[in-house]
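Results of the structural survey
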Amino acid sequence: MSDTSHPRDPAEQGKRVVPQRVAPLTREVTCIRSLAWRVDLDPAQDFDALSRELCTRGFATAASIAGMRKWVTQEGHEIVVVPRTGRAQIRVHYTVAEEQRRFTAERLYVVLVAAVMVANGET
Amino acid sequence: MAFTDHRSLHADRALTLLAGIPYVYHCHHYNLFHDQTIDDALGELDGARVRTNAARHAFRDLLSAVFKKENAVTTSERLTLASELFRWMGQGKMQLELLSSSGRARSLTPHYGYAWREKYGSRIRRHDPVDAVAAGFAAAAMELIYDLAPDSVVAKEHRCIAMRDPQCEFELTLGRGGPALGTIDEAASLKASAEPQAGIDEDRIKAISSGLWDFMRAVQGDERGLIAAFNVFVTTHLPTYYNETIYETVHHTESVSPALVPAVEELFREAGRACVFFTFGNVMLSPEWEALVGPPSGISTDVISFGTAIARGLGFGHWLVHEYEPRKRFVLRCTSNYEVPFYLSRYGRSNKPRSYFIQGAAAAMMTLAEAVRWRERPQLTGDFYLEVFRSRANYRVEQTQCAMRGDAISEYVVEAT
């Protein structure tokens, strides 16, 4: 299912652009055909600051269970984070065509990386 | 519509109710597998008929109860309520155009058709419609909106997105009608359950299932009538649908082809295995689970406890771990489950254990505990499913007690072969 040798694999791209506090983007272990993508953040991340930055980039905070935070876009894409472990998941909305999901995930990943960098004063 | 307000819970029995009618959660992997199992056993034509009838009966019970709770008496009130309920359950958004003598229904996003296309559409060309649940729902809605007799509406899906049609389309016509069947409601479910018992790791299982119930309370269909959660498409579904399809199929096989009964029973165990592998597995690997419980530990006793908690959280009944010896023996008990009330109400006492779904599920829990390396974040693909259950699984299951047979509880013993 995974295709890590693909030249446009976001994991490869991620190695070049991401700050230390954000791991590369990888296909999530339990996805319905590329809908879910995993990113590992530093659990020490200031998630309130990250939330503020995501909200300036088209995301809105959404209700979630205790121990998890969630942001959604108008198109229905989601980023969820478990602050305790730093696990983040990018969820592409299921209406996106399968061949476009990887690229949508990449775009969301870029937004997430930018938000983390600004939240951490790294720009 | 605040359908959430009509939910209730008997936590000690893990019995979840909507307007007094039991409901459970099942994901698209199990739903598609279950329906395919019915068709494998009966053939596509009879399979679709049995599935449509079961859905009609299940939704008659639920819609009747919801109409009563909402005091919906006019045609338009009932029509709106029915389609909103279907969407809320994650079964899809349907447009119903129903008259007292005929009707049509359409959907761009029925759960079964959408999920089938998502899972198999790029690899398999399907020639038969897949949305018997939606067809049965539409038939039940028409019967109840116009106060028609049970089984008096024939619903047929003639276009389906799983067949690469642009939308699903259903025709509804008047038929002959049939006898009213008993409703499997809260009273019937409580009557068929035993006093809850505590099992191994009970406190932790209880806490996790309680957390899952809290989480699931917020789960409902989106604007398209679908629920994407735990990386699967989830439905709020009706046990009567699963039970009637399973037991009508088994009883039919017993009467016409008794030699095939073991094979059919094994198909339903297989469906239970698929449920645990895909649904329970996806839940345990989800961020929601990580927030609620923590990342996968890979410890086999954890997996057994977690599976038990998930079953309760999904409304499958009060499952408990009676014994567990890693790699050797697992004894699962149920003081209540969603199969028993239906069987006893519809058919009376069985002459043998018949809890096929949980037989398969128990064996699968043992397999997931022993044969899957959870800390390596396995891909829960179809190929991995085959690898785990055909190559790595060496467990047999025997149901030693069955409440359908008159035993006080149900018990499933899984042992290494």
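The preceding data block contains the structure.
First things first, this report covers the structure right here in the doc. (Residues numbered from 1 in each chain as written. Chains lettered and ligands numbered in written order. Predicted model: local features only at pLDDT ≥ 70, side-chain atom pairs only at ≥ 80, totals over all residues. Heavy atoms only, no water.)

1. Brief notes about the overall build of chain A
In terms of regular secondary structure, chain A is built from 3 helices and 6 strands. Secondary structure elements of chain A occur, N-terminal to C-terminal, as α-β-β-α-β-β-β-β-α. Evaluated residue by residue, chain A yields a buried proportion of 50% over its 123 residues. Nonlocal contacts in chain A, meaning residues at least 24 apart in sequence, comprise 50% of its contacts between residues at least 6 apart. Surface exposure of chain A reaches about 5600 Å², of which carbon and sulfur atoms provide 50%. (Helix = DSSP H or I, 4+ residues; strand = E, 2+ residues; numbered from the N terminus. Buried < 20%, exposed > 50% of the residue type's maximum accessible area, 1.4 Å probe, protein only. Contact = heavy atoms within 4.5 Å. Areas by Shrake-Rupley, 256 points an atom, 1.4 Å probe, with all protein chains shown as cover.)

2. Considering the packing of aromatic side chains
All names here are of chain B. Across all of its chains, the model carries 33 aromatic pairs over all chains by this definition. Judged by centre distance (5.5 Å) and plane angle (70°), the rings of Phe-316 and Tyr-338 are edge-to-face. Taken together, the residues Phe-316 in the loop between helix H11 (300–313) and strand S11 (319–325) and Tyr-338 in the loop between strand S12 (329–334) and helix H12 (340–347) connect sequence positions 22 residues apart. Summarising the burial analysis for this pair, Phe-316 and Tyr-338 share the class buried. Members of the aromatic cluster, joined through ring pairs, are Tyr-30, Tyr-241, Tyr-242, Phe-280, Phe-316, Trp-319, Tyr-338 and Phe-357. (Phe/Tyr/Trp six-rings, centres within 6.5 Å; stacked < 30°, edge-to-face > 60°.)

3. Some thoughts on the sheet that holds strand S1 (residues 7–10) of chain B
Residue and element names in this part refer to chain B. In space, the 3 strands of this open sheet follow the order S1-S2-S3, with antiparallel pairing throughout. Two strands lie at the open edges of the sheet, namely S1 and strand S3 (21–22), each paired on one side alone. The pairing of S1 with strand S2 (residues 15–18) spans 4 bridges and is antiparallel. Counted as the bridge partner of Ser-8 is Leu-17 from S2. (Pairing = 2+ DSSP bridges.)

4. Focus: empty space enclosed by the protein
Residue and element names in this part refer to chain B. Counted by the stated rule, this structure contains 4 cavities of 30 Å³ or more. Empty space within the largest cavity amounts to approximately 210 Å³. Around the largest cavity, the lining is made up of 25 residues, and of these Leu-15, Pro-22, Ser-189, Tyr-338 and Pro-341 lie nearest the centre. The leading source of residues in the lining of the largest cavity is helix H8 (residues 239–256), at 3 residues. Partitioning the lining of the largest cavity into residue classes produces 14 nonpolar, 9 polar and 2 charged. (1 Å grid on protein atoms, 1.4 Å probe; cavity = no way out; pocket = protein on both sides within 12 Å on 5 of 7 lines; lining within 4 Å. Points joined across faces, edges and corners; volume = space filled by probe spheres on them. Nonpolar A, V, L, I, M, F, W, Y, C, P; charged D, E, K, R; others polar.)

5. Some words on the pairing of strand S8 (residues 168–174) of chain B
Residue and element names in this part refer to chain B. In this structure, strand S6 (residues 102–107) lies alongside S8, joined through 6 bridges in antiparallel fashion. What sits directly across from Arg-104, in S8, is Glu-171. Bridging between strand S7 (residues 153–159) and S8 involves 6 bridges; their strand directions are antiparallel. Note on S8: the bridge partner recorded for Lys-156 is Glu-171.

6. Looking at the side chain of Arg-269 of chain B
All names here are of chain B. Of note, Arg-269 is situated in helix H9 (residues 261–284). Within the structure, the side chain of Arg-269 is placed 2.8 Å from the side chain of Glu-266, a separation counted as a polar contact. If we skip the residues at most four places from it in the chain, Arg-269 touches Tyr-356, Gln-359, Gly-360 and Val-397. (Polar contact = N/O pair within 3.5 Å; in protein donor to acceptor, adjacent residues only side chain to side chain.)

7. Some remarks on the sheet that holds strand S10 (residues 232–237) of chain B
Residues and elements named next belong to chain B. One open sheet accounts for 3 strands, arranged S4-S10-S9; its pairing is antiparallel. Edge strands, defined here as strands with exactly one partner in the open sheet, are strand S4 (24–27) and strand S9 (228–229). Note: S9 against S10, 2 bridges, orientation antiparallel. Its bridge partner lying in S10, Ala-228 is registered against Phe-233. The strands touched by H8 are S4 and S10; relative to S10, the strand with the most contacts, the crossing angle is about 90°. (Axes fitted to C-alpha atoms, helices over the stretch in contact; angles between N-to-C directions.)

8. A few points about the interface of chain B and chain A
With 29 residues of chain B at the contact, the number on the chain A side is 25 residues. It is Glu-118, Asn-231 and Arg-377 of chain B that lose the most area in chain B upon contact with chain A, and together they represent 26% of the buried surface on that side. Here chain B is connected to chain A by 4 salt bridges. We note a salt bridge from Glu-118 of chain B to Arg-101 of chain A, for which the minimum N-O separation is 2.6 Å. At the level of secondary structure, the elements contributing two or more residues to the side of chain B that touches chain A comprise helix H4 (111–120), S10 and helix H10 (287–292) of chain B. (Buried area = accessible area lost by both parts, 1.4 Å probe. Salt bridge = Lys/Arg side-chain N within 4 Å of Asp/Glu carboxyl O.)

9. Comments concerning the pattern of salt bridges
Enumeration over the complete set of coordinates arrives at 41 salt bridges over all chains. The salt bridge partner of Glu-290 of chain B is Arg-87 of chain A, with a shortest N-O separation of 2.9 Å. On the criterion of chain membership, the pair formed by Glu-290 of chain B in helix H10 and Arg-87 of chain A in strand S6 (residues 87–91) is interchain, its members lying in two chains. Each member of the pair Glu-290 of chain B and Arg-87 of chain A is classed as buried.

10. Observations concerning the pairing of S6 of chain B
All names here are of chain B. The alternating pattern of S6 places Gly-103, Ala-105 and Ser-107 on a buried face, while none of Ser-102, Arg-104 and Arg-106, on the opposite face, is buried. Two elements, strand S5 (residues 95–98) and S6, share 4 bridges in a ladder whose sense is antiparallel. If you follow Leu-98 over to S6, its bridge partner there is Gly-103.

11. Observations regarding the layout of surface pockets
One number sums up the size of the largest pocket: a volume of about 860 Å³. Lining the largest pocket are 34 residues, and of these Lys-70, Glu-78 and Arg-91 of chain A together with Ala-228 and Ala-229 of chain B lie nearest its centre. When contributions to the lining of the largest pocket are tallied by element, the ones reaching two or more residues are strand S4 (69–72) of chain A together with helix H7 (202–217) and S9 of chain B. Tallied by class, residues from the lining of the largest pocket come to 19 nonpolar, 7 polar and 8 charged.

12. Here's the deal with the packing of helix H3 (residues 75–88) of chain B against helix H5 (residues 132–145) of chain B
Residue and element names in this part refer to chain B. At their nearest, the axes of H3 and H5 sit 10 Å apart, and the two run at 160° to each other. Between H3 and H5, the crossing angle belongs to the class labelled roughly antiparallel. By crossing handedness, the relation of H3 to H5 is classed as right-handed. Note on element contacts: H5 touches H3 through Val-133, Ala-134, Phe-137, Ala-141, Leu-144 and Ile-145, opposite Thr-75, Arg-78, Leu-79, Ala-82, Ser-83 and Phe-86. (Parallel < 35°, antiparallel > 145°, perpendicular 65-115°, else oblique. Left-handed = near helix turned anticlockwise from the far one by under 90°.)

13. Digging into the nonpolar core
Within the largest apolar cluster, 146 residues are counted, with the highest numbers of intra-cluster contacts made by Phe-59, Leu-63, Phe-316, Trp-319 and Phe-330 of chain B. Ranked by size, the runner-up nonpolar core spans 18 residues in total, among them Ile-246, Tyr-247, Phe-342 and Cys-402 of chain B. (Core = buried A, V, L, I, M, F, W, Y, C linked by side-chain atoms within 4.5 Å.)

14. Observations concerning the environment of Arg-117 of chain B
Residue and element names in this part refer to chain B. Along the chain, the position of Arg-117 falls in helix H4. A residue is classified by how much of its surface remains accessible, and Arg-117, at 37% relative accessible area, is partly exposed. For Arg-117 and Ile-161, which are 44 residues apart along the polypeptide, the C-alpha to C-alpha distance reads 7.1 Å. Residues within four places of Arg-117 in sequence aside, it is in contact with Ser-122 and Ile-161.

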